[in-house]
Amino acid sequence: MSARRRRRVAAEEEEKEAEAEAAEEGSDKEAELEERLVDLDLRNDSDVPDVPPASDSTPEILKAALSGLSARWKNWWIRGILSLAMISGFFLIIYLGSFMLMLLVLSIQVKCYHEIITIGYRVYHSYDLPWFRSLSWYFLLCVNYFFYGETVADYFATFVQRREQLQFLIRYHRFISFALYLAGFCIFVLSLVKKHYRLQFYMFAWTHVTLLITVTQSHLVIQNLFEGMIWFLVPISSVICNDITAYIFGFFFGRTPLIKLSPKKTWEGFIGGFFSTVIFGFVFSYFLAQHQYFVCPVEYNSETNRFVTECEASELFQMTKYPLPPLLQAVLGWDTVTLYPFQMHSVALSTFASLIGPFGGFFASGFKRAFKIKDFADTIPGHGGIMDRFDCQYLMATFVHVYITSFIRGPNPSKLLKQLLILQPEQQLSVYKTLKSHLLEKGILQPSLRG
């Protein structure tokens, strides 16, 4: 090959290399530009502004009384004293009745929602998103209107029947609920701002997930309460018992870390909490099952305008003899054991509260770590926010509702009768004729009643 040809080939290779470098540099610039655009729209975790640390809300008198203790024991006493105060208040509300318990559930729901939404607002406050907080509270009202309207239609049928205004609201309840939500949806679309689209949709999802966690679960808590106060008290008390006993066992005996999300959680606390909770649930349900006030479904009496808990106890709450397995007979010397059937269900509820319930707390711990916060708020000294204390309760509420519908509750004649009373007279007569014809075919009606 001649020298001239070699120079020409070398020049062509250099030109190709220059083009490749230019293309690579161009792609790098494009990638860099894309990355900058993404950063402008949605910051990375490292760029997310930290939520301001929660202030110490411990009363000064309590600080002074515990000033001589180490930080570890000071936290122990603060948590203990506040736990006893909350438990005492809880029992007082139980004494005041079902309606006060419903108000308590609603108040806790609103506070938990506020704590989660406030974190979102504080973290992304620098973006100055329009309508974020207003729309968040508007959607809370819409969802509560829907769920509580469904509850009124199901459990307050006779009360609604006497008031024409409520009949209109109940008849078109779902349409009104949808129209309210649709108005909020349209306002959200109109509030979209250029360069913040992705973040706004992110916060829209934040609001809806928060609604799912708080409002839906609190609605299930109230549904469980209507089945009988025992279905409300045993699950909630089991979660509280597990939280307290796991903390005590972990505080005194904890050595082995349980999960990285919660470094203070230990296997010793987890196992000790499990056995303590199952025993507590079994014993606690024994005492509750003896009282009509706790075992009867909660019903609204339209004549007295009060909630009543009067009924004949179902088979779940009547003492029953059960044969023991041969091994236990040999160990205990008993052939049978007498207990309430509900006590066996309480074992299932307590087991879930102690084995699966804590994962609600782990989920909350992961959420807090993602946003570099210690607690959801500083509402309760030594405990954090309301959400910090009820993160496991919402998971428990869903399980109890599913458990009741799957294993306990059958057709409800009382609820069916309430729905029949809402029908027009000609519709009620049609139902009566159909039912009468069916009973005649089955041979259930006596011949004397056929005329």
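Given the structure is predicted, the values throughout are model-derived calculations rather than measurements. (Residues numbered from 1 in each chain as written. Predicted model: local features only at pLDDT ≥ 70, side-chain atom pairs only at ≥ 80, totals over all residues. Heavy atoms only, no water.)

**Brief notes about a nonpolar patch on the surface**
Next, step 1: Among the surface-exposed residues, Leu69, Trp73, Trp77, Ile81, Ile244, Ile248, Phe252 and Phe253 lie close enough to one another that they form a single nonpolar patch of about 700 Å² accessible area.
Next, step 2: For the nonpolar patch, the elements supplying multiple residues, two or more each, are α3 (71–96) and α10 (229–253).
Next, step 3: Assignment of secondary structure puts phenylalanine 253 in helix α10. (Patch = residues over 30% accessible without salt bridge, like charges linked within 9 Å, V, L, I, M, F, W, Y side chains within 5 Å. Areas by Shrake-Rupley, 256 points an atom, 1.4 Å probe, with all protein chains shown as cover. Salt bridge = Lys/Arg side-chain N within 4 Å of Asp/Glu carboxyl O. Helix = DSSP H or I, 4+ residues; strand = E, 2+ residues; numbered from the N terminus.)

**Describing the state of the cysteines**
Next, step 1: Per the counting criterion, the structure on display carries 1 disulfide.
Next, step 2: The side chain of cysteine 296 participates in a disulfide bridge whose partner is cysteine 311; the two sulfur atoms lie 2.0 Å from each other. What sets the handedness of the cysteine 296 and cysteine 311 disulfide is the S-S torsion sign, and at about -90 degrees it is left-handed. Placement of cysteine 296 in the loop between α12 (292–295) and β3 (299–301) and of cysteine 311 in the loop between β4 (306–308) and β5 (320–323) is noted, with a sequence separation of 15 residues between them. (Disulfide = S-S within 2.5 Å.)

**Considerations on the nonpolar core**
Next, step 1: Counting residues in each nonpolar core, the largest one holds 41 residues, and the members touching the most others are Leu101, Ile230, Trp231, Phe232, Leu233, Phe317 and Leu349.
Next, step 2: If you list the elements that add at least two residues to this core, you get α3, α4 (98–123), α9 (197–226), α10, α11 (267–288), α12, α14 (341–355) and α16 (386–408).
Next, step 3: Residues in contact with leucine 349, not counting those within four places in the same chain, are Trp231, Val234, Pro235, Phe342, Met396, Phe399, Val400 and Tyr403. (Core = buried A, V, L, I, M, F, W, Y, C linked by side-chain atoms within 4.5 Å. Buried < 20%, exposed > 50% of the residue type's maximum accessible area, 1.4 Å probe, protein only. Contact = heavy atoms within 4.5 Å.)

**A few points about the pattern of salt bridges**
Next, step 1: Inspection of the entire model under this criterion finds 4 salt bridges.
Next, step 2: For arginine 174, the salt bridge goes to glutamate 150, with nearest N and O atoms at 2.9 Å. Pair noted here: arginine 174 is in helix α8 (residues 173–190) and glutamate 150 is in helix α5 (residues 132–155), with a separation of 24 residues, a long-range link.
Next, step 3: With its nearest N and O atoms 3.6 Å apart, the salt bridge here joins aspartate 375 to lysine 374.
Next, step 4: Judged by its relative accessible area of 67%, lysine 374 is exposed.

**With respect to α16**
Next, step 1: Taking 1.5 Å per residue, 23 residues should reach 33 Å; α16 reaches 31 Å between its end C-alpha atoms and fits that length.
Next, step 2: Its axis deflected by about 30 degrees at cysteine 392, α16 carries its strongest bend there. (Expected span 1.5 Å × (residues − 1). Bend = angle between axes of the 7 residues up to and from the residue.)

**Thoughts on the confidence of the model for the chain**
Next, step 1: Here the chain averages 81 in pLDDT, while 80% of its residues score no lower than 70.
Next, step 2: Below pLDDT 50 for its whole length, residues 33–47 participates in 20 contacts with residues either more than four positions away or in separate chains. (pLDDT = per-residue confidence, 0-100.)

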